[in-house]
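# Coordinate inspection notes
Residues per chain, in single letters:
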Amino acid sequence: DPPTALDSTLTCTASATDADGETVSLQYEWLINGSLVGSGATLANNFAAGTTIQCEVTPYDGTDYGTAQNVAVTVQNSAPSVDIPAFTSSEVYTDDTRTASTSACDADGDSIILQYDWHVNGSSVQSSISNTLDGLVHFSKHDGVYVTVTPNDGTTYGTAETSTTITISNTPPDV
């Protein structure tokens with residue numbers, strides 16, 4: 001699989017033989033977007049999406065260098081992640097607005113848009129970028145409300161996370 005920004009170490013594996021039976025050593029060179037950045041069989045780095053990483057291996061038998069071989073990969077975008085959403089208050093009444101809070105991150109540093117899919121009694125009632133749901137419009141006493149939040153970094157959707165279900169309380173009467 002191509003690496004993502006979540007990968008911090010890449011390993012290049014090669015083998016070589018020598019027609020004379022001599023011991024062959026391998027010399028590794030790592031290039032990122034064409035610039036030499038390291039040597040050795042592994043490369044540790046913070047890889048950004050879209051970066052091209054090349055491993056070049058040259059065999060050496062102590063006398064002569066063989067033909068270098070290389071392989072290149074392009075770092076893929078990593079999916080954003082989101083924490084399980086929580087509600088800002090545990091007691092909600094029929095005339096309240098329900099607000100969900102969560103945090104999201106993206107290893108590539110991309111901006112994240114959160115999609116909130118609100119459900120009442122198991123049915124979807126609102127899907128938007130709004131982290132609030134108006135009780136006057138969408139729920140009544142004894143209804144079960146939960147939200148599923150899906151992160152998107154403009155390229156990839158991350159794994160959706162779902163809140164616990166909160167039961168709407170009866171609104172006390174006014175005097």
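Residues numbered from 1 in each chain as written. Predicted model: local features only at pLDDT ≥ 70, side-chain atom pairs only at ≥ 80, totals over all residues. Heavy atoms only, no water.

### A few points about the packing of aromatic side chains
Aromatic rings considered in pairs are described by the distance between their centres and by the relative angle of their planes. The criterion, for reference: Two rings from Phe, Tyr or Trp (for Trp, the six-membered ring) form a pair when their centres are within 6.5 Å of each other. A pair whose planes differ by under 30 degrees is stacked, one over 60 is edge-to-face, and the rest are tilted. We call a charge positioned over a ring when the NZ of a Lys or the CZ of an Arg lies within 6 Å of the ring centre and within 35 degrees of the ring normal.
Inspection of the entire model under this criterion finds two aromatic pairs. In this structure, R98 is placed above the aromatic ring of F87, and the distance from its NZ or CZ to the ring centre is 3.8 Å.

### A few points about the side chain of T58
To be explicit about the condition: Secondary structure elements are taken from DSSP: a helix is a run of H or I of four residues or more, a strand is a run of E of two residues or more, and numbering for both begins at the N terminus. Throughout, a contact is declared for two residues whenever any of their heavy atoms are within 4.5 Å.
The topology assignment puts T58 in strand β5 (residues 52-60). Residues in contact with T58, not counting those within four places in the same chain, are S25, L26, Q27, Y65, G66 and A68.

### Brief notes about unusual backbone geometry
As a reminder, the rule being used: Per-residue accessibility, obtained with a 1.4 Å probe over protein chains only, is compared with the maximum for each type, and a residue is labelled buried under 20%, exposed over 50%, and partly exposed between these values.
The phi torsion at N33 lies on the positive side, around 50 degrees, for a residue other than glycine. Along the chain, N33 turns up in the loop between β2 (25-32) and β3 (35-39). With a phi angle near 75 degrees, H142 is a residue other than glycine that sits in the positive phi range. Its location among the elements puts H142 in the loop between α1 (135-138) and β14 (144-152). Note on H142: relative accessible area 60%, which makes it exposed.

### Observations concerning the sheet that holds β3
Counted only if it meets this: Any two strands are treated as partners once DSSP identifies two or more bridges connecting them. Note on method: axes are straight lines fitted to C-alpha atoms, helices fitted across the in-contact stretch only, with angles between N-to-C directions ranging 0 to 180 degrees.
In spatial order, the strands read β3-β2-β5-β6; together these four strands make up an open sheet with antiparallel pairing. In this open sheet, the two strands that pair with only one neighbour each are β3 and β6 (69-74). Averaged over all pairs of adjacent strands, the angle between strand axes in this sheet comes to 25 degrees, irrespective of strand direction. Sheet analysis places β2 next to β5, joined by eight bridges and oriented antiparallel.

### Topic: the state of the cysteines
Disulfides are covalent bonds that link the sulfur atoms of two cysteine residues. Put simply, the test is: Here, two cysteine sulfur atoms that lie within 2.5 Å of each other are counted as a disulfide.
With the rule as written, the count across this model stands at one disulfide. Between the sulfur atoms of C12 and its disulfide partner C55 the distance amounts to 2.2 Å. Handedness of the C12-C55 disulfide follows from its S-S torsion of about -100 degrees: it is left-handed. Placement of the pair is C12 in the loop between β1 (9-11) and β2 and C55 in strand β5, with a sequence separation of 43 residues. In this structure C12 comes out as buried when scored by relative accessible area, which is 9%.

### Some thoughts on the sheet that holds strand β8 (residues 86-87)
Reading across from one edge, β8-β9-β13 is the order of the three strands in this open sheet, with antiparallel pairing throughout. Both edges of this open sheet fall to β8 and β13 (132-134), since each of them pairs with a single strand only. Sheet analysis places strand β9 (residues 97-101) next to β13, joined by three bridges and oriented antiparallel. Within β13, the position partnered with T99 by the bridge is T132.

### Topic: the side chain of D153
Stated formally: Only four residue types enter the charge count, namely Lys and Arg as positive and Asp and Glu as negative; His and the chain termini do not. Each salt bridge in this description consists of a side-chain nitrogen of Lys or Arg and a carboxyl oxygen of Asp or Glu lying within 4 Å of one another. Whenever two N or O atoms come within 3.5 Å, that pair is a polar contact, provided that in protein one can donate a hydrogen and the other can accept it, and provided that, for residues adjacent in sequence, both atoms are side-chain atoms.
Inspection of the secondary structure puts D153 in the loop between β14 and β15 (161-162). For the buried D153, which has no salt bridge, the nearest side chain bearing the opposite charge is R98, at an N-O separation of 28 Å. Within the local environment of D153, its side chain forms a polar contact with the side chain of N77, the two groups lying 2.8 Å apart. Apart from residues lying up to four places away in sequence, D153 is in contact with N77, S78, P80, D106, D108, D110 and S111.

### Details of the pairing of β14
Across the nine residues that make up β14, a large majority, nine, are buried. Note: strand β11 (residues 113-120) against β14, eight bridges, orientation antiparallel. The partner of I113 across the bridge, within β14, is N152. As paired strands, β14 and strand β16 (residues 166-167) are joined by two bridges and run antiparallel to one another. Note on β16: the bridge partner recorded for G144 is T167. In this structure, β14 lies alongside β15, joined through two bridges in antiparallel fashion. When the sheet's bridge partners are listed, V149 is paired in β15 with E161.

That is the geometry; function is a separate question.
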